[in-house]
Structure formats: structure tokens, C-alpha cells
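# Analysis of the macromolecular model
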Amino acid sequence: MGRCRAPSKDEIMYTRIIVAVDSSHASNRALDEAIKIAKGAHATLRIIHVLDDLSLFIATNPYAGYYTGELIENLKQEGVKILDQARTRATAAELPVETVLYDDLGLPVEERIVMAARDWPADLIVMGTHGRRGVTRAMLGSSAEAVLRTSPVPVLLVRTP
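To keep things clear, this report deals only with the structure shown in the data block. If you're wondering where the values come from, they're calculated on a predicted model, not measured in any experiment.

One can find threonine 150 in helix H6 (residues 143–150). C-alpha of threonine 150 to C-alpha of glutamate 110: the two residues are 40 residues apart in sequence and 8.7 Å apart in space. When sequence neighbours within four positions are dropped, the list of residues in contact with threonine 150 reads Val114 and Arg118.

Here it is, written out as C-alpha cells:
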């Protein structure tokens, strides 16, 4: 039987990994997987959070009582908290980590994630997915599915049971 060995640095495929987080159970599981992969590959982890128009739309209903500017600021602050929590988890694993908050509303989440992967440039995108099917998926859409279809780099989808 052959001996197992650790891959050499030249054999490691992923050196720059993007993981998209939003504080959901699915994105937390994706972060855990990204940390494991980055740790094993000695890769840099870029953790991103994207503010999206859907969040703004849901929150700006007539009963919310927010001015749009105040709401956007609150969403940004929440995004910073999400990124800080994710950074803490990644640095506890002794990984080189960067965080980026994308707040350019008007661009769909999936487009922003793919652009971020191109611009950095990433070797791998890691995302959580809820695994919705049928009418639920059709009504809500799937950012993960859209990223998978359009990404120039491999995408790892971590499904939440």
C-alpha cells in the first residue's frame, strides 16, 4: 500500500479563497468549510458580505418606520458585525484573512460575488445554500445557483440540511 504524504506547496490548488457570509446557518457552515480548506492549503481567506436590494426592499415597507439612509446605515453596521464575527473564527484558526463589505446596492448579490472573485482574483468561491427546490426556489431565486452558473473559478456549495 502506498504512503500518504502532504501535498507540496506547488501542488496546492487553492491559495485565495472567497467565502460569502450573511449570518445564516448555511453561510456559517460554508465559513467552517472554507476555514478547513484554507487551513489545509495554507491559503488566504477573503470573507465578504454583500448588501442587497432585496434586504433593503423588505425592510423599507411602509410599516418599518425607517428612512432609507438610516436603514442602509443599519444594514452596513450589521454587515460589519457579521464580518467581524467571521474574521474572529478565521483568525482563531490562524489563517491570513481579509474582510470586505460590498454595499453597492443595485448589483445582484450573485453578480457582486462573481465580480469579487474575478477582481481579487480568487481560486475558489465557497457559499452556503439552503437546498430549496421547486416553487420555493423559483420564488426566492438562488444566488448560489447563479454564482455556480457564472463563476470563472470553482464553486463549493455547502448545503444546509
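Right, let's talk about the pattern of salt bridges for a bit. Going through the model one piece at a time under the given rule, you end up with five salt bridges. With a closest N to O distance of 3.1 Å, lysine 36 and glutamate 33 form a salt bridge. One end of the pair is lysine 36 and the other is glutamate 33, both in helix H1 (residues 25–41) and three residues apart, which spans about a single turn. On the basis of relative accessibility, which here comes to 54%, the residue lysine 36 falls in the exposed class. For the salt bridge of arginine 149 with glutamate 145, the shortest nitrogen-to-oxygen distance reads 3.4 Å. Within this pair, arginine 149 and its partner glutamate 145 are both found in helix H6, separated by four residues, close to a single helical turn. Note on glutamate 145: relative accessible area 26%, which makes it partly exposed.

Rules used throughout
Residues numbered from 1 in each chain as written. Predicted model: local features only at pLDDT ≥ 70, side-chain atom pairs only at ≥ 80, totals over all residues. Heavy atoms only, no water. Helix = DSSP H or I, 4+ residues; strand = E, 2+ residues; numbered from the N terminus. Contact = heavy atoms within 4.5 Å. Salt bridge = Lys/Arg side-chain N within 4 Å of Asp/Glu carboxyl O. Buried < 20%, exposed > 50% of the residue type's maximum accessible area, 1.4 Å probe, protein only.

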